[in-house]
Amino acid sequence: MGESADGSRAAQGAPDQNEGAEQGRGFFGRLLGALKDEDEAEEPPPRANGVALPGMNNLAGMRVEDISVPKVEITAVPEDVTRERLVEVFRESGFSRLPVYRDTLDHPLGLVLLKDFALQHGFNSGGRFSLRRLLRPVLFVPPSMPLAVLLQKMQSERTHMALVIDEYGGVDGLVTIEDVIEQVIGEIDDEHDTAEGGMWSLEKPGVYIAQSRAPLDEFEQEIGFRLVEDEEEEVDTLGGLVFVLSGRVPARGEVIPHESGAEFEVIDADPRRIKRLRVRMPEAVAAR
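Residues numbered from 1 in each chain as written. Predicted model: local features only at pLDDT ≥ 70, side-chain atom pairs only at ≥ 80, totals over all residues. Heavy atoms only, no water.

Caption draft 1: Inspection of the overall build of the protein chain at higher detail. Within the protein chain, the secondary structure is distributed over 11 helices and 14 strands. Each of the 288 residues in the protein chain was classed as buried or not, and the buried ones make up 42%. Looking at the protein chain alone, contacts between residues at least 24 apart form 47% of all its contacts between residues at least 6 apart. (Helix = DSSP H or I, 4+ residues; strand = E, 2+ residues; numbered from the N terminus. Buried < 20%, exposed > 50% of the residue type's maximum accessible area, 1.4 Å probe, protein only. Contact = heavy atoms within 4.5 Å.)

Put into structure tokens, the structure is as follows:
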């Protein structure tokens, strides 16, 4: 990120003595520096409905266990996974990094990155498939670690993902650098998210990819029938509807049926909220 013109030069156009050091710190260095400049009173992070609001205080006031994905929701692959199956898992999950394990997830071996796999085995390149040669080290962190410390470790280790380890050495969860940054600046839409103003897109006839925050009434107009008949039901978004149908925040990969015959598949979520859904219309469900 470049510095602004007025912030990167001293008076009279002379170079600022701190300019080089500031640029060398990078985004995460400046983020951590801003945390140190915050009021040292250690006020608890602001919360709404029990969820911490975005802000720098969250880096000091929240811990890994507050944002980590539970073990049961982790998408990972065994060390003996085939090339074809690995491609399938990358495609279905939409993730660019996957933990690799031996026997069970409690014995992790490392991470496999989509870009490493694509460069080695994609683009019609041949060669013998060896997952072990693609493995990268994985970062292990305790659930009690403050997010500020986790961010520093991720920066120093040059990794964007960490496995959360319990007191017995088993895997308890997973956390990414995106999860940490979202606690400061709010939700980050990635390349799989539909653009603002286009809360859903047609994946194929009868199947939509939709943001959980998509307005329910507008989506009902799109599909041509009502998903909520009870006028007293206070549901404004697709994610709210899925929460009401399941009675909880469903896990990633879970499929929630609707009385109309439609299905809601959760394709992106964390322990606190649904992010992205695949919505199958009744005719698409019947045709499978």
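Back to the write-up after that little detour.
Caption draft 2: Region of the structure containing the pattern of salt bridges. For the structure shown, the criterion picks out 14 salt bridges. A salt bridge links D116 to R136, with the nearest nitrogen and oxygen atoms 2.7 Å apart. Here R136 lies in the loop between α6 (114–121) and β7 (139–141) and D116 lies in helix α6, a separation of 20 residues in the sequence. Residues participating in the shared-partner salt-bridge network are E203, E263, E265, R278 and R280. (Salt bridge = Lys/Arg side-chain N within 4 Å of Asp/Glu carboxyl O.)

Caption draft 3: Region of the structure containing the side chain of T159. Among the structural elements, T159 can be located in the loop between α7 (147–157) and β8 (161–165). Excluding residues that lie within four positions of it along the chain, T159 makes contacts with L111, L139 and M154.

Caption draft 4: A look at the environment of D270. By the secondary structure assignment, D270 is in the loop between β13 (263–269) and β14 (274–280). In this structure D270 touches V249 and K275, once residues within four positions along its chain are discounted.

Caption draft 5: Structural view of helix α10 (residues 238–246). L238, G239, L241, V242 and S246 are the residues of α10 that are buried. When α10 is viewed along its axis, its buried side chains cluster within an angular range of 160 degrees and face the same direction. (Arc of directions from axis to C-beta.)

Caption draft 6: Focus on the sheet that holds strand β11 (residues 207–211). Strands sit in the order β10-β11-β14-β13-β12 across an open sheet of five strands; the sheet is antiparallel. In the strand order of this sheet, the two ends are held by β10 (200–204) and β12 (255–257), each with one partner. For this sheet the average axis-to-axis angle between neighbouring strands, irrespective of direction, equals 25 degrees. Summarising the sheet, β12 and β13 pair through three bridges and their orientation is antiparallel. Paired with P257 across the bridge in β13 is E263. α10 contacts β11, β12, β13 and β14 of the sheet and is inclined by roughly 80 degrees relative to β14. (Pairing = 2+ DSSP bridges. Axes fitted to C-alpha atoms, helices over the stretch in contact; angles between N-to-C directions.)

Caption draft 7: Representation of the confidence of the model for the protein chain. Confidence along the protein chain averages 78 in pLDDT terms, with 73% of residues attaining 70 or more. Scored below 50 in pLDDT, residues 38–42 shows two contacts in the model against residues more than four places distant or in partner chains. Within the model, the stretch residues 45–53 combines pLDDT values under 50 with 16 contacts to residues more than four positions away or in other chains. (pLDDT = per-residue confidence, 0-100.)

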